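Single-letter residue listing:
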Amino acid sequence: ETGVTQTPRHLVMGMTNKKSLKCEQHLGHNAMYWYKQSAKKPLELMFVYSLEERVENNSVPSRFSPECPNSSHLFLHLHTLQPEDSALYLCASSQEATPLYEQYFGPGTRLTVT
Amino acid sequence: AQSVTQPDIHITVSEGASLELRCNYSYGATPYLFWYVQSPGQGLQLLLKYFSGDTLVQGIKGFEAEFKRSQSSFNLRKPSVHWSDAAEYFCAVGALFISNFGNEKLTFGTGTRLTIIP
């Protein structure tokens, strides 16, 4: 595997379920990101990790809980979501957590909350 | 705070025709500027970026963009589009301001969807 991979690619969950999204980067980068992409809205930065330490939490509801066990893996734990949380969730990585370095994106997880 | 405006939600051009996608930004100093492309079912891929120096930057896939400080614009151009260019295009600005947690970040526009007709 090369680049940034995300699993699952599609997820349907009820509002009372608990699920997790997984992201893995094979680029040796130090920074990883979660973004939310909703129709007709700008890409929203949710979380940034640099060397496994969270450096940005962009006012995200607590029903989204990130985890970064090492610099190659990033998770987004989901619980008691709302229908408005349905979106494409993109993971990205970069050499360092600054726009000076290109961000490489995964294909995303399409989440539907019923 | 910085912001990015992409005024065109959807553009349709004929294959072989020229293309210009508009991007305007709001930021108090010289920003870092980016164009990303997202093909269906894919993540975003960087086309080009501007940090400083020559205001006309060349990117991948034959794209270029020009930074115009006086107009706060960073429009993307291609002289002759190919059917494979059909995708969604995002302009983004990276600022050197200090956010809540002390780092810099990218702010994206809402995107322009490009349709190519034969």
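Refer to the structure printed above.
Just so it is clear, the model here is predicted, and its values are computed rather than measured. (Residues numbered from 1 in each chain as written. Chains lettered and ligands numbered in written order. Predicted model: local features only at pLDDT ≥ 70, side-chain atom pairs only at ≥ 80, totals over all residues. Heavy atoms only, no water.)

A. Fine view of the overall build of chain B. For chain B, the helix and strand inventory stands at zero helices and 12 strands. Scanning chain B from its N terminus toward the C terminus, one meets helices and strands in the order β-β-β-β-β-β-β-β-β-β-β-β. Here chain B has a C-alpha radius of gyration of 14 Å; the compact-globule value for 118 residues is 13 Å, and the two agree. Taking the principal axes of its C-alpha atoms as reference, chain B extends roughly 45 × 30 × 25 Å. Taken over 118 residues, chain B has a buried fraction of 47%. For chain B, the proportion of contacts with a sequence separation of at least 24, taken over those separated by at least 6, is 55%. Per element, the accessible surface of chain B, about 5,500 Å² overall, is 50% carbon and sulfur. (Helix = DSSP H or I, 4+ residues; strand = E, 2+ residues; numbered from the N terminus. Rg over C-alpha atoms; globule rule 2.2 N^0.38 Å. Buried < 20%, exposed > 50% of the residue type's maximum accessible area, 1.4 Å probe, protein only. Contact = heavy atoms within 4.5 Å. Areas by Shrake-Rupley, 256 points an atom, 1.4 Å probe, with all protein chains shown as cover.)

B. Looking closely at the environment of T112 of chain A. Residues and elements named next belong to chain A. Within the secondary structure layout, T112 lies in strand β11 (residues 109-113). Separated by 29 residues in the primary sequence, T112 and P83 place their C-alpha atoms 7.4 Å from one another. Excluding residues within four positions of it along the chain, T112 makes contact with L11, V12, M13 and S86.

C. Fine view of the pattern of salt bridges. Residues and elements named next belong to chain B. Overall, the coordinates contain six salt bridges over all chains when judged by the stated rule. With a closest N to O distance of 2.8 Å, K78 and D85 form a salt bridge. No difference in accessibility class separates K78 from D85, as the two residues are buried. One salt-bridge network, in which partners are shared between bridges, spans E64, E66 and R77. (Salt bridge = Lys/Arg side-chain N within 4 Å of Asp/Glu carboxyl O.)

D. Up close: the pairing of strand β10 (residues 87-95) of chain B. Residues and elements named next belong to chain B. β10 sits mainly inside the fold: eight of its nine residues count as buried. Judged from the seven bridges that link them, strand β5 (residues 32-38) and β10 form a sheet pairing that is antiparallel. For F34, the partnering residue across the bridge sits in β10 and is A92. In terms of strand pairing, β10 meets strand β11 (residues 105-108) through four bridges, oriented antiparallel. Among the inter-strand pairings, V93 is bridged to a residue of β11, identified as T107. (Pairing = 2+ DSSP bridges.)

E. Examining the state of the cysteines more closely. All names here are of chain A. Using the criterion set out here, one finds two disulfides over all chains in the structure. Sulfur-sulfur distance for the disulfide between C23 and C91 comes to 1.9 Å. Residues C23 and C91 share a disulfide whose torsion about the S-S bond is about -75°; that sign makes it left-handed. A residue pair is termed long-range when its members are at least 10 positions apart, and C23 in strand β3 (residues 18-25) and C91 in strand β9 (residues 87-94) qualify at 68 residues. (Disulfide = S-S within 2.5 Å.)

F. Structural context of the nonpolar core. Formed by 26 residues in total, the largest nonpolar core has its most connected members in L19, W35, L47, L48, F74, L76 and Y89 of chain B. Breaking this core down by element, the ones donating at least two residues are β2 (10-14), β3 (19-21), β5, β6 (44-50), β8 (64-68), β9 (73-78), β10 and β12 (112-117) of chain B. Per element, the largest residue contribution to this core is four residues, and it comes from β10 of chain B. Ignoring anything within four residues of it in the chain, the contact list for L47 of chain B reads W35, Y36, V37, G59, I60, K61, F63, L76 and Y89 of chain B. Y49, V60, L74 and L78 of chain A belong to the second largest nonpolar core, which has 22 residues in total. (Core = buried A, V, L, I, M, F, W, Y, C linked by side-chain atoms within 4.5 Å.)

G. Structural context of the sheet that holds strand β7 (residues 64-70) of chain A. Residue and element names in this part refer to chain A. With antiparallel pairing, the four strands of this open sheet are ordered in space as β1-β3-β8-β7. Pairing within the sheet leaves two strands with one partner each, and these edge strands are β1 (4-7) and β7. Direction aside, the axes of adjacent strands within the sheet are offset by 20° on average. Pairing of β1 with β3 involves four bridges; the strand directions are antiparallel. From the neighbouring strand, V4 faces β3, where its bridge partner is Q25. (Axes fitted to C-alpha atoms, helices over the stretch in contact; angles between N-to-C directions.)

H. Geometry of the interface of chain A and chain B. Tallying the contact residues gives 24 residues for chain A and 22 residues for chain B. Of the roughly 1,900 Å² buried at the junction of chain A and chain B (both faces included), carbon and sulfur atoms supply 56%. The largest per-residue losses of area from chain A upon contact with chain B belong to P99, L100 and F105 of chain A, which jointly make up 28% of the total buried on that side. Between chain A and chain B we count zero salt bridges in total. Between the two partners, chain A and chain B, sit two residue pairs in polar contact (both at pLDDT 80 or more). (Buried area = accessible area lost by both parts, 1.4 Å probe. Polar contact = N/O pair within 3.5 Å; in protein donor to acceptor, adjacent residues only side chain to side chain.)

Such coordinate-based values are descriptive only and should not be taken to indicate function.
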